[in-house]
Each structure stands twice: as structure tokens, then as C-alpha cells.
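Here's the letter readout for the chains.
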Amino acid sequence: MSSSVTTNKMTNWRWVMCAMLFFATTVNYMDRQVLSLTFKEFIQPEFHWTDSDYGTITGVFSICYAIFCLFAGKFVDWMGTKKGYLIAIVVWSLGAVMHAACGWATVQLVDGVSDTSLLKEIGEAMAAPGADAAAVMAKFNVTSNTLLAVSSISVWLFLACRMILGLGEAGNFPAAIKVTAEYFPKKDRAFATSIFNAGASVGALAAPATIPLLAKSLGWEMAFIIIGLLGFVWAGIWIFVYDKPAESKFVNEAELRYVNQDEDNEAGANVQAEEKQLSFAKAFTYKQTWSFAFGKFMTDGVWWFFLFWAPAYFQDQFGHKASDPMGIALIFTLYAIVTFLSLFGGYLPKLFVEKKGMNPYQGRMLAMLIFAFFPVLALFAQPLGDYFQSAWWPAIIIGLVGAGHQAWSANIFSTTGDMFPKSAVATITGIGAMAGGIGSFLINKGSGVLFDYAAGQGEAFQFMGFSGKPAGYMIVFCVCAVAYLIGWSVMKMLVPKYKPVVID
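Residues numbered from 1 in each chain as written. Predicted model: local features only at pLDDT ≥ 70, side-chain atom pairs only at ≥ 80, totals over all residues. Heavy atoms only, no water.

1. Some remarks on the overall build of the protein chain
Then, in step 1: Secondary structure summary: the protein chain contains 22 helices and two strands in total.
Then, in step 2: Its C-alpha radius of gyration of 23 Å places the protein chain within 12% of the 23 Å reference for a compact globule of 504 residues.
Then, in step 3: With respect to the three principal axes, the spread of C-alpha positions in the protein chain is 80 × 45 × 40 Å.
Then, in step 4: Counting all 504 residues of the protein chain, 58% fall into the buried class.
Then, in step 5: If you take every contact in the protein chain between residues at least 6 apart in sequence, the share linking residues at least 24 apart comes to 83%.
Then, in step 6: As presented, the protein chain carries roughly 19400 Å² of accessible surface, and 68% of it is formed by carbon and sulfur atoms. (Helix = DSSP H or I, 4+ residues; strand = E, 2+ residues; numbered from the N terminus. Rg over C-alpha atoms; globule rule 2.2 N^0.38 Å. Buried < 20%, exposed > 50% of the residue type's maximum accessible area, 1.4 Å probe, protein only. Contact = heavy atoms within 4.5 Å. Areas by Shrake-Rupley, 256 points an atom, 1.4 Å probe, with all protein chains shown as cover.)

Right under this line is the structure:
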């Protein structure tokens, strides 16, 4: 039991835990976004990447993240929340910092390139308007084979760093959802999840205001290092503030009763069943697992597509670089919309439960249906941007799509706590995150290949009135628009009404 003095007034340590989850998720997404905000302006010219190369890196990150997620949830359940979360953030922060060494390592492995400054000079010369590739190579005494080696080797080095980043980041959401299940009753979990999940939006909001400026003033390498170090600071604080509610000196009896109200209120609640572990093989026998996994598969890739490709989209389509004031304003506005609107996503099912008398799952599914219509707006992003010749229309619309996703995400994560005992929450969350990572791989790698192909075909590639790369973006926007409605429909067919899982 809690060692704090029992008082009539309930402590609120659960919200401190929610704040810790919020900051961890913020750091998580800032680390993930450094590459997208430095790719088009700084890294692509230096290493001579194509969109397909970038699609490979983001896609492989997604698939590795997916695989790691499958085991991350089980790892957190086995290791325990405190140690599991600590190890996860230390690993991903290490991976984030390691990106900074990719330029140096490329120089060591490629003959004909003396140092990283030469790579930067060649990249700047190649990116100059009207640059002649042959003349640039002659000026710097390098060959096309040398540049090809720089491109391919740097891709492999970044892939290795992204794999380490993904290995650690895979533990964030399983651990965070497990903490939420430990510290909040079911009726509050979606709201708590929406708060910490807003860290993704805040991270994405802080990133464009800081990372491009860091890269421009100190070099893209320092951007990776400075943002990566934030995770180590969080890890140091986590060691001292987290314990399970019943063991925490900051939680009194009143708060502990509030946290455990579901166990107290459910007649015949079997505490022993809560402690039973769920094997992977057994997990896949439940329709509830497949429902959660399919919802994540259909929708996670939409969020990751906009996270990874929005800065490149604004530069490709409208000429606004991520480090330019206009580029910063666009990305900042996009994620400001996501951040503030998505907070309502966790409150809406709470309203349905408390005011309409619905059970938590029923209220959550109704809220998710409402949020599933937000991404349909993606159909208008490209046409309005083209018609008004302004990037503000796509930025605002993508922000609304992102807000819909984050509201959806807070609720779909909470369905695991609705349907599974606490001992299985991280495992099920990991399975769903794996499915989401597979979907993200498909959309990110597919987008890179599509954009290169569309750009190469030019006017010969047509879709809905657009040609070339704009047609490629329009295709992906259409996929994003319908993904949530498809995901919700299948989830509803698999689990039409609330049916909690009891582990035998």
C-alpha cells in the first residue's frame, strides 16, 4: 500500500505521471522528426539522396519499429514499467545522437572524399539553380561513382541509426499505455491518453521552431545531438518519480481507491486474473486483438506520412524550405492545429460515458467514428493549394487531418485497457503498434517510389487533374482520406459491442 499519510483530500500524483508520459512522447516525436526537417534542405544535397532513398529510410524505420513493437510490449510487461520505460528512452536517445556521426562515417568509408565539409560544398554546388553536374564533379575532382558510393553508404548508415532509434521508440507507447492503465480508472484513460498523446503534436510543433534553426546555425549534426540529449534528462527524472500506485510515497489512500475503482465496482472482479500474463499465441486468438491491430494498421501510416513528408511537400510544391520563416510558420501552424484540437478527443468519450450513460467502449467507438471523418478533408488539400497558389490551405487541412488522427489515436489506444486486463495491455499495445508500423512502411516507402516515378514521368503522369509529382501527392492524400473509415468499419465488425477479455 501507499506509504503516504492518509488524508481526506485525494492526492493527484497520477497527473504527474501523465505529465511525465507527455514529455517522453514529446521527446520521442522530436527525435523522430529531426530527419524529416533536415532531409530536403541539408541532408539530401549533401548525400545526393533521391526521394526513393528517403522513402527507404523512413519505410525501413517503420517496419523495424513494427517488429520491435511486437516485442516491446512483452518486454515492458516482463521487465516492469519503471525499468522497461527507462531502457527504452535511453536506447532511442542513443540512436538519435548517433545520426550525427553518419557524415563522418561516410567519409571514412568512401575513397575520394576527404572530409564532411567537402560533401557539404559539393551538395551546395549541385543544388544551385542551373548547376551542371559534370562541371561540379570536375571542379571538386570527384566521379559519379564516388557520389553514388556516398549516397548508398550514407543510406545504410542512417538506416542503422534509425533501427536503433526505432528499437527504443517502440517501447514508448506500450509503456505509456501501461502507466495509464496503472494510474487511471477506465473512464479517465482516454482523456489521460489524449493528454500524453498530445506530446506527439507538441513535439511536432516544437520541432519546426527549433530543429531547422539549429541545423542552419550549428549544422544538422548538432540538431540530432541536442534533441537526442533531452531523452537522457527525462530518464534521470523518471528514476526518482515513478513507482506503482500502491507503492508510491506520493499516492495516498484516497487516490489509490480512485485509481482502483474499476476493480472495486466490478462484481466478482478476479484480481488473480489481472496478474496472468498473455502469450503472443493466445493474444492472436482474440478478435479484440485483431480489431485493435487492424485499426492501427490502417491509420498509423497516415500520421507518419504527414510527419515525415510534410516539410518536403511544402518545399517541393511551394518552394518553402523548412528553415525559412514561411516554412517554419507552415509546419508550426499545422501542428498547432493538431495540438489544440486533438485534446478534445479524449474528452468526448468521457462525455458520452458520463452524460449519455454509454459503457467506455461504446462511447469510444462513437467518438472514433466522428474523428474518422476528419481525414476526408485531405481530398481538398492539394486542389485548394493549387487553386489559390498558397501553401496555407494544405497546412490548415493537414492540421485538421492530424488533429483527427491524434483524437482517434487516444481512443484506439484506450480500447486495449477497456478490453484486456492490465497485465496484457502492453503486449496488446505492442501488437497494434507493430501493425501500425507495417502500414507506415507501406505508405512511406510507396510514397518515395511514387514521387520519384511521377516526377520522372512529368506531364505523362496524370491523376485527378494533376501531373507529375503533384499527382503523386494527390494519390497519397486520397488513400489517407479513406483509411480511418475503413479501419473503423472493420473494427466494428470484429467487436460490435463491449466484450472484455478474461485470461484463462
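From this point on, the discussion continues.
2. Re the packing of aromatic side chains
Then, in step 1: Following the criterion strictly, the structure yields 47 aromatic pairs and no others.
Then, in step 2: Taken together, a centroid distance of 4.9 Å and an interplanar angle of 75 degrees make the contact between Tyr54 and Trp309 edge-to-face. In this pair, Tyr54 is assigned in helix 2 (residues 51-79) and Trp309 in helix 15 (residues 287-318), connecting sequence segments 255 residues apart.
Then, in step 3: Between Trp309 and Phe451 the ring centres are 5.1 Å apart and the planes differ by 85 degrees, which places this aromatic pair in the edge-to-face class. Of this pair, Trp309 sits in helix 15 while Phe451 is found in helix 21 (residues 422-457), placing the two residues 142 residues apart along the sequence. Of the two residues, Trp309 and Phe451, both sit in the buried class.
Then, in step 4: Above the ring of Tyr29, the side-chain terminus of Arg32 is found at 4.5 Å from the ring centroid.
Then, in step 5: The lysine or arginine in question, Lys74, covers the ring of Phe280, its NZ or CZ lying 5.8 Å from the ring centre. (Phe/Tyr/Trp six-rings, centres within 6.5 Å; stacked < 30°, edge-to-face > 60°. Lys NZ or Arg CZ within 6 Å of the ring centre and 35° of its normal.)

3. Overview of helix 2
Then, in step 1: With 29 residues, helix 2 should reach 42 Å at 1.5 Å per residue; the first-to-last C-alpha distance of 39 Å fits that figure.
Then, in step 2: The largest bend in helix 2 comes to about 30 degrees, at Cys69.
Then, in step 3: Looking one or two residues beyond helix 2, the residue adopting positive phi is Gly80, at roughly 100 degrees. (Expected span 1.5 Å × (residues − 1). Bend = angle between axes of the 7 residues up to and from the residue.)

4. A short note on helix 6 (residues 133-140)
Then, in step 1: Taken together, the buried positions of helix 6 are Val136, Met137 and Phe140. With its buried residues spanning 95 degrees around the axis, helix 6 presents them on a single face. Of the residues in helix 6, the exposed ones pointing more than 90 degrees away from the buried face are Ala134, Ala138 and Lys139.
Then, in step 2: Buried residues belonging to helix 6 abut helix 5 (116-127) and helix 7 (144-169).
Then, in step 3: Just beyond helix 6, the residue with positive phi is Asn141, at close to 55 degrees. (Arc of directions from axis to C-beta.)

5. A word on the confidence of the model for the protein chain
Then, in step 1: Taken residue by residue, the protein chain gives an average pLDDT of 87. The fraction at 70 or more is 95%.
Then, in step 2: In the predicted structure, residues 1-6 sits below a pLDDT of 50 and forms 17 contacts with residues beyond four places in sequence or in another chain.
Then, in step 3: Low pLDDT (under 50) marks residues 267-274, which in the prediction has seven contacts with non-local residues, meaning those over four places away or in another chain. (pLDDT = per-residue confidence, 0-100.)

6. Focus: the pattern of salt bridges
Then, in step 1: Considering all chains together, one arrives at 10 salt bridges under this definition.
Then, in step 2: With its nearest N and O atoms 3.0 Å apart, the salt bridge here joins Glu46 to Lys120. With a gap of 74 residues between them, Glu46 in helix 1 (residues 13-47) and Lys120 in helix 5 connect regions that are remote in the sequence.
Then, in step 3: Lys120 gets classed as partly exposed once you look at its relative accessible area, which sits at 27%.
Then, in step 4: With a closest N to O distance of 3.1 Å, Asp300 and Lys296 form a salt bridge. With Asp300 and Lys296 both in helix 15 and four residues apart, this pair spans about one turn of that helix.
Then, in step 5: Overall, the relative accessible area of 9% leaves Asp300 in the buried class.
Then, in step 6: In this structure, a network of salt bridges that share partners links the residues Lys40, Asp51, Asp316 and Lys469. (Salt bridge = Lys/Arg side-chain N within 4 Å of Asp/Glu carboxyl O.)

7. Here's the deal with a nonpolar patch on the surface
Then, in step 1: Side chains of Val90, Leu94, Met98, Leu229 and Phe232 sit close together on the surface and give an oily, nonpolar patch of about 390 Å² of accessible area.
Then, in step 2: Breaking the nonpolar patch down by element, the ones donating at least two residues are helix 3 (81-98) and helix 10 (220-241).
Then, in step 3: Element by element, the count of residues in the nonpolar patch is highest for helix 3, at three residues.
Then, in step 4: The residue Met98 is located in helix 3 in this model. (Patch = residues over 30% accessible without salt bridge, like charges linked within 9 Å, V, L, I, M, F, W, Y side chains within 5 Å.)

8. Structural notes on unusual backbone geometry
Then, in step 1: Even without being a glycine, His48 presents a positive backbone phi close to 60 degrees.
Then, in step 2: Relative to the elements of secondary structure, His48 occurs in the loop between helix 1 and helix 2.
Then, in step 3: Its identity as a non-glycine residue notwithstanding, Gln389 has a phi of 50 degrees, on the positive side.
Then, in step 4: Within the secondary structure layout, Gln389 lies in the loop between helix 19 (381-388) and helix 20 (392-419).
Then, in step 5: Relative accessible area serves as the criterion here: at 63%, Gln389 is assigned to the exposed category.

9. Focus on the nonpolar core
Then, in step 1: Counting residues in hydrophobic clusters, the biggest one holds 156 residues, and the most contacted among them are Phe158 and Phe305.
Then, in step 2: The biggest single contributor to this core is helix 1, with 17 residues.
Then, in step 3: Apart from the residues within four sequence positions on either side, Phe305 is in contact with Ala310, Ile443, Asn444, Ser447, Phe451, Tyr473, Val476, Phe477 and Cys480. (Core = buried A, V, L, I, M, F, W, Y, C linked by side-chain atoms within 4.5 Å.)

10. Points about the packing of helix 1 against helix 15
Then, in step 1: Helix 15 packs onto helix 1 with a crossing angle of 25 degrees between their chain directions and a minimal axis gap of 9 Å. By the angle between their directions, the pair helix 1 and helix 15 is classed as roughly parallel. The handedness of the crossing between helix 1 and helix 15 is right-handed. Contact with helix 1, carried on its side by Tyr29, Arg32, Gln33, Ser36, Leu37, Phe39, Lys40 and Glu41, involves Trp303, Trp304, Leu307, Phe308, Pro311, Ala312, Gln315 and Asp316 of helix 15 and no other residues of that element. (Axes fitted to C-alpha atoms, helices over the stretch in contact; angles between N-to-C directions. Parallel < 35°, antiparallel > 145°, perpendicular 65-115°, else oblique. Left-handed = near helix turned anticlockwise from the far one by under 90°.)

11. Quick look at the packing of helix 19 against helix 20
When two helices pack together, their arrangement is given by the angle between the helix axes and by the axis-to-axis distance.
Then, in step 1: Direction vectors running N to C along helix 19 and helix 20 enclose 160 degrees, while the axes themselves pass 7 Å from each other. One way to sum up the angle between helix 19 and helix 20 is to call them roughly antiparallel. Helix-helix and strand crossings are classified by hand; for helix 19 and helix 20 the assignment is right-handed. Judged by residue contacts, Ala381, Leu384, Gly385 and Phe388 of helix 19 engage Trp393, Pro394 and Ile397 from helix 20.
Then, in step 2: In terms of residue class, the contact of helix 19 with helix 20 is built from six nonpolar, one polar and no charged. (Nonpolar A, V, L, I, M, F, W, Y, C, P; charged D, E, K, R; others polar.)

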